[in-house]
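# Notes for the structure review
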Amino acid sequence: MNDGMNRRDWLRKLTASGVAAGLGSCAAHSVWAQNPGESSGFQSSIINSDELVAERASPSIENGRVIQPARELPVLHDTDVLVVGGGPAGICAAIAAKRAGADVVLVERYGHFGGLWTGGLVLLVIGHIVKGGGQVCQGIGEEMMRRLDKLKGAIIDRRPGVAPTVDAEAVKYLMVEMIEEAGVKVFLHCWGVDAIVNGDQVRGAVFESKSGRQAILAKTVVDATGDGDVYAMAGASYERRSHNVGLVSRIGNLDRTDASQAQGGAKPRHLGRATPVPGINWVNMHGPEVDGLDVEVLTRMEMNHRKFIWRNMQRTRSIPGYDQAYLVETAPQLGVRITRAMHGLKTITLKDLKAGTTFPDVVGVGGAAGGEHGPWQIPYGALLPTKVDNLLAAGRCISAEMRMADLVRLIPNCFVTGQAAGVGAAVAVRDGCTPRNVAVPEVQKILREQEAYLG
């Protein structure tokens, strides 16, 4: 097939020559597996000419109340370890569990991996360095950084003691590559809406997608949703918190601006930080402190922030010398920073950070936002709810007091807790026990084998 001919044209030529007869039903129905990026021309086919949703159980209104009838849910998959959430914590959890020998399924509500790191355009990697310049985030997170180093235009400022900045698309690509290399089964565009619980035992989760409501069964579940959605639905207790909710954007053509034209020092504010793409910066936004679990609040934040960003960009363009600047994009994912913090068997505290407390069940070491203090240990118990079994938390929703929340949520520290949760989940499955009853020294041994730093 030559470059100027699509598959439909090719089939037409084959049919005319009689060759298509030997291609069977595939040629008859024009059903072909295409290579990524390849076009077959715009065409459509009828899959089912008269279809109804099977076993539908729609809610009804009874005495003014909306009642959802009971129904059987189809099982989409059955696995050893189910990781819910494909952000930095979830990606590391899934890869770590798979490398530790478990069968793993990863479910993500968006169509890409990376969470706020990519979809939220939070491109600066901070939290891996401690006082003196040492790097405490190693393991799978550091492996990602090394691999980004080898991709052109993927990362800048990648050197000891410095916080690098990544390109979101490069990270999305790399995460797909690493997940596929690990052999993790993935379902995208699936929103976790409930936990499957027998007594105090979590047995999987329920998801909504374009395929309807389906269940995934698992021996162990890792909640890497960021908001603790799974452990909340499973009945684990938590602290609900408000925090600043913003929206990140990128602005371009900054390499074509001329600050010397600005009259009276009227230079624009908040031009952000450089990215691996020349002339394009990413601009952070704190936003107001609100409840990130309130859908009406989230809706208002999205709309208000997008209006503000656009208008602010127009003000910038009106300043002499900055007329070529433009808004490249606003993040597709709202910047929700903190919502739930689980009540765990242990809690990460500022007191322990200041005291340099060490834990016999340490599974990771966290860093600082700017290297202003020393390392702090992450105990395995901070990943475990006080009562619910067969469940671990990873990322910003683990057990940590309010004063530690802004460190726990940083991307490198999410790498660390995600990897620890993944290994803990895999060991629990292998040994036929609950995550709270695993042999912690075995978890620590495997983490070290995976190049994690435990102090």
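Residues numbered from 1 in each chain as written. Predicted model: local features only at pLDDT ≥ 70, side-chain atom pairs only at ≥ 80, totals over all residues. Heavy atoms only, no water.

## Re the sheet that holds strand 18 (residues 335-336)
- Judged by pairing direction, the sheet is antiparallel, and its 3 strands sit side by side in the order 16-12-18 without closing on themselves. Edge strands, defined here as strands with exactly one partner in the open sheet, are strand 16 (289-290) and strand 18.
- Sheet topology note: the strand 12 (residues 243-246)/strand 18 ladder contains 2 bridges and is antiparallel. Across the sheet, the residue bridging to Val-245 is Val-336, located in strand 18. (Pairing = 2+ DSSP bridges. Helix = DSSP H or I, 4+ residues; strand = E, 2+ residues; numbered from the N terminus.)

## Thoughts on the confidence of the model for the chain
- Chain-level statistics for the chain give a pLDDT mean of 92 and a share of 91% at 70 or above.
- Contacts of residues 14-32 to residues separated by more than four positions or lying in other chains number 17 contacts, the stretch itself having pLDDT below 50. (pLDDT = per-residue confidence, 0-100. Contact = heavy atoms within 4.5 Å.)

## Topic: the packing of helix 4 (residues 139-149) against helix 5 (residues 168-182)
- Contact geometry for helix 4 and helix 5: axes closest at 11 Å, N-to-C directions at 120°. Comparing their axes, helix 5 and helix 4 come out oblique. With respect to the hand of their crossing, helix 4 and helix 5 are arranged in right-handed fashion. Along its contact with helix 4, which presents Ile-140, Glu-143, Met-144, Arg-147 and Leu-148, the element helix 5 presents Ala-170, Val-171, Leu-174, Met-175, Glu-177, Met-178 and Glu-181.
- Its residues assigned to classes, the contact of helix 4 with helix 5 shows 8 nonpolar, no polar and 4 charged. (Axes fitted to C-alpha atoms, helices over the stretch in contact; angles between N-to-C directions. Parallel < 35°, antiparallel > 145°, perpendicular 65-115°, else oblique. Left-handed = near helix turned anticlockwise from the far one by under 90°. Nonpolar A, V, L, I, M, F, W, Y, C, P; charged D, E, K, R; others polar.)

## Digging into the nonpolar core
- Ranked by internal contacts, the top residues of the largest apolar core, which has 116 residues, are Leu-82, Trp-117, Met-144 and Leu-148.
- If one sorts the elements of this core by residue count, helix 10 (residues 411-431) sits on top with 12 residues. (Core = buried A, V, L, I, M, F, W, Y, C linked by side-chain atoms within 4.5 Å. Buried < 20%, exposed > 50% of the residue type's maximum accessible area, 1.4 Å probe, protein only.)

## As for the pairing of strand 8 (residues 191-198)
- In terms of strand pairing, strand 8 meets strand 9 (residues 201-209) through 7 bridges, oriented antiparallel. When the sheet's bridge partners are listed, Asn-198 is paired in strand 9 with Gln-201.

## Some words on the pattern of salt bridges
- Summed over all chains, the structure comprises 24 salt bridges.
- Taken together, the shared-partner salt bridges in this structure form one network comprising Arg-99, Glu-143, Arg-147, Glu-177 and Glu-181. (Salt bridge = Lys/Arg side-chain N within 4 Å of Asp/Glu carboxyl O.)

## Looking at the packing of aromatic side chains
- In this structure the tally under the stated criterion is 2 aromatic pairs.
- Where Tyr-231 meets Tyr-238, the ring centres are 6.4 Å apart and the plane angle is 50°; that geometry is what we call tilted.
- The exposure class assigned to Tyr-231 is buried, which follows from its relative accessible area of 0%.
- Note on Tyr-238: relative accessible area 28%, which makes it partly exposed.
- Directly above the aromatic system of Tyr-238 lies the positively charged group of Arg-340, at a separation of 5.0 Å from the ring centroid. (Phe/Tyr/Trp six-rings, centres within 6.5 Å; stacked < 30°, edge-to-face > 60°. Lys NZ or Arg CZ within 6 Å of the ring centre and 35° of its normal.)

## Notes on empty space enclosed by the protein
- Applying the stated criterion across every chain yields a total of 4 cavities of 30 Å³ or more.
- Of the pockets and cavities examined, the largest cavity occupies roughly 60 Å³.
- Along its surface, the largest cavity is lined by Val-136, Cys-137, Gln-138, Gly-139, Val-363, Gly-364, Val-365, Val-416, Gln-419, Ala-452 and Tyr-453.
- For the lining of the largest cavity, the secondary-structure elements that each account for two or more residues are strand 20 (362-366) and helix 10.
- Examining the composition of the lining of the largest cavity, we find that 3 residues originate from one element, strand 20, more than from any other.
- Here the lining of the largest cavity is built from residues that sort into 7 nonpolar, 4 polar and no charged. (1 Å grid on protein atoms, 1.4 Å probe; cavity = no way out; pocket = protein on both sides within 12 Å on 5 of 7 lines; lining within 4 Å. Points joined across faces, edges and corners; volume = space filled by probe spheres on them.)

## A closer look at the layout of surface pockets
- Its volume calculated, the second largest pocket comes out at about 350 Å³.
- Around the second largest pocket, the lining is made up of 13 residues, and of these Val-53, Ala-54, Arg-71, Gly-212 and Arg-213 lie nearest the centre.
- Tallied by class, residues from the lining of the second largest pocket come to 4 nonpolar, 2 polar and 7 charged.

## Remarks on the packing of helix 3 (residues 88-99) against helix 5
- The interhelical angle for the contact between helix 3 and helix 5, taken along N-to-C directions, is 20°, at an axis separation of 9 Å. Relative to helix 5, helix 3 is oriented roughly parallel. In this structure, helix 3 meets helix 5 at a crossing whose hand is left-handed. Between helix 3 and helix 5, the contacting residues are Pro-88, Ile-91, Ala-94, Ile-95, Lys-98 and Arg-99 on the first element and Met-175, Met-178, Ile-179 and Ala-182 on the second.

## Details of unusual backbone geometry
- Within the chain, Asn-253 stands out as a residue other than glycine whose phi angle is a positive 65°.
- Looking at where Asn-253 falls in the secondary structure, it is placed in the loop between strand 13 (249-252) and strand 14 (273-274).
- The phi angle at Asn-390 is positive, at roughly 65°, despite the residue not being glycine.
- The exposure class of Asn-390 is buried, given its relative accessible area of 8%.

## Quick notes on the pairing of strand 13
- Covered by surrounding structure in strand 13 are Ser-249 and Ile-251 together with Arg-250 and Gly-252, the residues of both alternating faces.
- With 3 bridges connecting them, strand 13 and strand 15 (residues 281-283) associate as antiparallel partners. Within strand 15, the residue paired with Ile-251 across the bridge is Asn-281.
- Two strands pair when backbone bridges link them, and strand 13 and strand 17 (residues 326-330) are joined in this way by 4 bridges, in the antiparallel orientation. Following the sheet pairing, Arg-250 is matched in strand 17 by Glu-329.

## What to know about the sheet that holds strand 15
- Taken together, 4 strands build an open sheet; the order of strands is 14-15-13-17 and the sheet is antiparallel. Looking at strand neighbours, the two that pair on one side only are strand 14 and strand 17, the edges of this open sheet.
- Where helix 7 (residues 295-317) meets the sheet, it contacts strand 13 and strand 17, and its direction lies at approximately 165° from that of strand 17.

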